[in-house]
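Each chain, written out:
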Amino acid sequence: MTWQPDSSGLEQIITLLKESQSPDTDIQRQVQVKLDQLNQYPDFNNYLIFVLTKLTTEDEPTRSLAGLILKNNVKMHYNNFPPTVGEFIKQECLKALGDPSPLIRATVGILITTIAAKGDLSNWTDLLPYLCNLLDSQDYNTCEGAFGALQKVCEDCVEQLEGDEQSQPLNIMIPKFLQFFKHTSPKIRSHAISCVNQFIISRNQALMVHIDDFIQGLFTLATDEDVEVRKNVCRALVMLQEVRMDKLLPHMNNIVEYMLVRTQDQDETVALEACEFWLTLAEQQVCKEVLTPFLPRLIPIIINGMKYSEIDIILLKGDVEEDEMIPDKEQDIKPRFHKSKVHSMQETNAADGDGVHGNDEDDDDDAGIDDDEALSDWNLRKCSAAGLDVLANVFNDELLPHILEKLNELLFHQDWVLRESGILVLGAIAEGCMNGMLPHLPKLIPFLIQTLNDKKALVRSITCWTLSRYAHWIVTQSQQNGHEAYLKPLMTELLKRVLDSNKRVQEAACSAFATLEEEACTELVPYLQFILQTLVYAFNKYQHKNLLILYDAIGTLADSVGNHLNKPDYIQMLMPPLIAKWNSLRDEDKDLFPLLECLSSVATALQSGFLQYCEPVFQRCVNLVQQTLTLNVLFMQNPEQYEQPDKDFMIVALDLLSGLAEGLGGHIDQLVVQSNVLAYMYQCMQDQMPEVRQSSFALLGDLTKACFQHVKPCIPEFMPILAQNLNPELISVCNNATWAIGEISVQLGGEMKPYISLMLNPLVMIINRGGTPKTLLENTAITIGRLGFVCPEEVAPLLPQFAMPWCQALRNIRDNEEKDSAFRGFCSMISVNPNGILKDYIYFCDAIASWSQPKADLKEIFNNILHGYKEQVGEESWTRYKEMFPPALKERLMVNYGV
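> What should I look at first to understand the overall build of the chain in this one?
For the chain, the helix and strand inventory stands at 49 helices and zero strands. Counting only C-alpha atoms and orienting by the principal axes, one finds that the chain spans roughly 95 × 70 × 65 Å. Here the chain holds 899 residues, and the buried ones make up 57% of them. Of the contacts made within the chain by residues no fewer than 6 positions apart, 75% connect residues no fewer than 24 positions apart. Counting 73 positive and 121 negative side-chain charges, the chain places the centres of these two groups 2 Å from one another.

Next up, the structure:
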C-alpha cells in the first residue's frame, strides 16, 4: 500500500507554503518556526514530495517550493530519514521526471542530485541506468527531465562517478551523451554537451577514449542557433586547450576563426565564454605561433569588449556622479581575508623599498578589472581586459602596433564610454608592453593626471587604476630627475580623488595611492603632512566600505615610510581617529580585522611614539585571544549548543601583539608581566588551525626579542611544540617556527644545548629539500647558523650535510644582523670541524664574497679561514682549485682578502 497524505495535514502544509511566499518578513519568520517544528515528524517529507510530484491542482511555484524545502531537509537531515521515507521520495522523483512543467522537472532534478550527493550514488544503484533508459523515451518531457537530472548529477557527483571502479558508469554514459549532440531539441543538445563537459578537466579516461568523436561533435554544433549550445561549445573548447591541445592543434586556425566570431556574439554570455579562450590560449606554449597571424583582427575585438555595456552603466549607476552621502548596503561589502604575519628577510630592508608588502605585490593589480563589483563577479569587460593583459605578457611590444592607433582614437574620443575603455587598455598593457610604452609615457602620464579631473566618475576611477600600473616608472623618473614632473602632480591629484564626492572614485584612488606608497616608500616623506591631512579628513567623509580600504592605505603608508612617521605632529593627526574607531567597534565586529592590521603597521612604524596608546590596545588584543579560545573550548565540548568561533579575531589580535612587540621592544615588558599573554600563546601554538599557529610563532619570536626574561621560564614547554611544527608542507607555519627557534637560540646561548637534537635534523632536511621557497630556505639557514653559533660542538658534526645549500641560501641576501649572526655561527662550526666544509669549499668562498661590508671582526674571521685553508692545501693546489672559480669570485676574494 503506497503512502497517502491526511487531507487536513495536506491543507495545513499548503497554507504554510502559500504564506512563505508572502513579502512580509514577520510572516516568513513565523512560517520558518512552523516548518522547523514540522521537521520533527518524519512523514512531513512525504507530504512535501507529494505536493511537488502529485498535487497537479496546485500552482507551480507552490509545488516547486515544496521541492526546495525538501531539498534543504535532505541536505541537513537525510541520514536520519527512516528508510521507508527515503525510498518513497526516490520513487516519486523518478516517476515525476516527465512532468509537463519545466519548473517541476528542474526541481525534481535538483532533488535527485541532492539525494545522490548526500546519500551516495552507490546506495541508489538503479538511478543512473534508469535515467539513461529514459533518454530514449519518445516523450520529449521525459527525455528532457532525465537529461536535466543527469546534468545536475554530472555536475555535483563528478568524483563519485569517476571513482566507481566497479560498475564504471561513465563508459556507458559518455558514448550515450555523444549520440544526443544531433538531437532535434536545442535544450537536449545543450544538456548533452554540458554533461560531457564536466569530465574534461579531470582528463577522464572514458571521455579520452571518445575524444575524437567529442571534438567532431563540437565542430558540427559550432554554428548552432541556440545560445546555450554555443555557450557550451565555447566552454568545451576552452577546457580542451588545457587538457588536449594536441587534439585541437590540427584544427587550430579554424577554431581561432570560430572564436573570433563568437567573441563578438550578440549574446554577451556566449561572447564571455569565447573570450575565456584567449586567456587559456595565452598559457599555452603555442600561443605566439598560433595567434601572430590573427593579431590584427583579434586585438580590436578584445579592445571593443573592454567598454562598458549599457546594462553595465545602469547597474553601476554611471549617471550618478555624487553618492558619498549614501550609506553602503552591508551585502555590497566583500569579506576581507587577513594575511597572517610571515617573517622574511625582507622585513629588515623596508627602507630599501623591499618592505613587508613584498609578497603582496599583485593584491590591487586587478583593481581596474575589478572595478565593477556591483556587476556579476566576471563579465565580458573584465575578461577582455584580463585577456589583453595576458596577451601583452606573451607578445610584449609586438602587440603595440595593433593597439596604438586604436588607443589614440579612444583616449581622445568625445564619448566618455570609449574614452574610459581606452584608459583601461592603457592600464591592461602596462606590464607586458612597458618597454614599448616608455617613449610615450612622458606625454601620457601628464594626460592621465589631468584626466583625474574628468567630469565622469567612471573615467576618474579607471584613471586612478591605470596610473597605479605605471607607479614604478613614475617613482623611478622622480628619483632620477626630481619630483616636479610626475610624482608631485600625481600625488596632489590622486589625494584630491581620495576625497572625491563619488564612492567608486574614492575606492579606486585609495587603492592606487596604496600602490604608489609601496613603490615610492621614503620618497613620500617630504609630503607626509599633506598625505596625513588628506587621509584623516577621509575618515569623516567615507562610508563603511571605503573606510576598510582607507585603513589599508594608512597601514601601507606606515610600512612604506617606517619611523619617519614618528613625529609628534603626525602622531597627533593620525592616532585620535584610529583610536576613536577602535573604541567604537564591538569585539565581534569584523571591521576590527582591517583596523587591527592597520594599527599593527602603525605601531611597528611609530615605535616609541605608540607608547601612549599601547596599554588599551594590548589589553584588548589579549582579551580577543582569550575570548576566542574560551568559545572554541565550549564549541569542542558541546558542538550542538555552541557555534565555532571565528578564529580570525584571534589571528589578527596575535599579529597586532606582534606588531606592538616589534615596534615597542623592551617597552612592552610591563604589559606582558601584567597579562596572561604567554599562557594564551601556548594554547594558540597547539591550535588545529595552521594560521593560528603561524601567528603565535611570529608573536613568540617578537616577544623573545623584546622581553626574553618573561619568555624564558616557558621555553621547556615551547620547544617541543616548535620542533613538531618544522613541517615544510605548511610553509608559513614552518617558516615562523624556524625563525622563532633562531631568535630563542640567540637569547639562550649555551643553554640551547638540550634542544639541539630536537631541532637540527628537521632543519637539515628542510634546507636540502627540493622546491623549498626562498624565504623558508633563508630562515632555515639563519637558524642553523645561529644554533651553530651558540652550540658549535653539537651542530658542527653535521656540516657536510648542509654546507652547500646553506651557502647558496644566504649568498643572495643583503648584509644585516641576522646574516651576521648566522655567518659567525657557520665559522664557529668550521673551527670545530674544518674537514666538514672541504667538499663544498667553493660555495663557502662564494657566500663570503656575497658580503658587501661585513663588520671588521667578522671580516677578520673570514680572512683567517681563507688563508688557513690556502696554507693547509699548499700554494699549488690552491691555485689549481681557484681555476674553477668564476672570474668575478676570483676578483672579489683577491681584492677583499688577498687570496
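That was the structure; now back to the text.
> What should I look at first to understand the packing of helix 13 (residues 211–220) against helix 14 (residues 227–243) in this one?
To characterise two packed helices, one gives the angle between the axes of the helices and the distance between these axes. Where helix 13 contacts helix 14, the axes come no closer than 10 Å and their chain directions differ by 140°. As judged from the angle between their axes, helix 13 and helix 14 are oblique. Relative to helix 14, helix 13 is oriented so that their crossing is left-handed. Two secondary-structure elements touch here, helix 13 through Ile211, Phe214, Ile215, Leu218 and Phe219 and helix 14 through Val233, Ala236, Leu237 and Leu240. Broken down by class, the residue content of the contact of helix 13 with helix 14 amounts to nine nonpolar, no polar and no charged.

> Even after reading the chapter, I still don't get the packing of aromatic side chains, so can you show me in this structure?
Given two aromatic rings, one states the distance between the centres and the angle between the planes to describe the pair. Inspection of the entire model under this criterion finds 26 aromatic pairs. An angle of 70° between the planes, with centres 6.0 Å apart, marks the rings of Phe181 and Phe214 as edge-to-face. One end of the pair, Phe181, is in the loop between helix 10 (170–179) and helix 11 (186–197); the other, Phe214, is in helix 13, and 33 residues separate them in sequence. Judged on exposure class, the residue Phe181 and its partner Phe214 are both buried. Considering the side-chain rings of Phe610 and Tyr613, the 6.1 Å spacing of their centres and the 55° angle between planes classify their relative orientation as tilted. Comparing Phe610 with Tyr613 shows no difference in burial state: the two are buried. Through a chain of ring-to-ring contacts, the aromatic side chains of Trp806, Phe823, Phe826, Tyr841, Phe844, Trp851, Phe862, Tyr869, Trp878, Tyr881, Phe885 and Tyr897 assemble into a single cluster. Residue placement shows Arg620 over the ring face of Trp582; its charged tip is 4.9 Å from the ring centre. Geometry around Tyr897 places Lys859 over its ring, the cationic atom sitting 5.8 Å from the centre.

> Looking at this structure, how should I read the environment of Gly742?
For Gly742, the location among the structural elements is in helix 40 (residues 731–748). Residues Gly742 and Asn638, spaced 104 residues apart in sequence, show a C-alpha to C-alpha distance of 39 Å.

> What's the story with the pattern of salt bridges in this structure? I'm lost.
Opposite charge on two side chains permits them to pair, given that their charged atoms come into close proximity. Applying the stated criterion to the full structure yields 44 salt bridges. Its salt-bridge partner being Arg297, residue Glu257 comes within 2.6 Å of it at the nearest N-O pair. With a gap of 40 residues between them, Glu257 in helix 16 (residues 252–262) and Arg297 in helix 19 (residues 295–305) connect regions that are remote in the sequence. Classification of Glu257 as partly exposed rests on a relative accessible area of 31%. On the accessibility criterion, Arg297 (42% relative accessible area) is partly exposed. Several salt bridges converge on common partners, so that one network encompasses Lys54, Glu92 and Lys95.

> What exactly am I supposed to notice about the state of the cysteines here?
Such a bond, covalent and formed between the sulfur atoms of two cysteines, is termed a disulfide. All chains considered together, the criterion is met by zero disulfides. Note on Cys93: no disulfide assigned, nearest cysteine sulfur contributed by Cys157 at a separation of 14 Å. Classification of Cys93 by relative accessible area gives buried; the value is 0%. Between Cys614, a free cysteine, and Cys621, which holds the nearest cysteine sulfur, the sulfur-to-sulfur gap is 9.3 Å. Looking at Cys614, the relative accessible area reads 2%, which means it is buried.

What counts and how
- Residues numbered from 1 in each chain as written.
- Predicted model: local features only at pLDDT ≥ 70, side-chain atom pairs only at ≥ 80, totals over all residues.
- Heavy atoms only, no water.
- Helix = DSSP H or I, 4+ residues; strand = E, 2+ residues; numbered from the N terminus.
- Buried < 20%, exposed > 50% of the residue type's maximum accessible area, 1.4 Å probe, protein only.
- Contact = heavy atoms within 4.5 Å.
- Lys, Arg positive; Asp, Glu negative; His and termini not counted.
- Charge placed at Lys NZ, Arg CZ, Asp CG, Glu CD.
- Axes fitted to C-alpha atoms, helices over the stretch in contact; angles between N-to-C directions.
- Parallel < 35°, antiparallel > 145°, perpendicular 65-115°, else oblique.
- Left-handed = near helix turned anticlockwise from the far one by under 90°.
- Nonpolar A, V, L, I, M, F, W, Y, C, P; charged D, E, K, R; others polar.
- Phe/Tyr/Trp six-rings, centres within 6.5 Å; stacked < 30°, edge-to-face > 60°.
- Lys NZ or Arg CZ within 6 Å of the ring centre and 35° of its normal.
- Salt bridge = Lys/Arg side-chain N within 4 Å of Asp/Glu carboxyl O.
- Disulfide = S-S within 2.5 Å.

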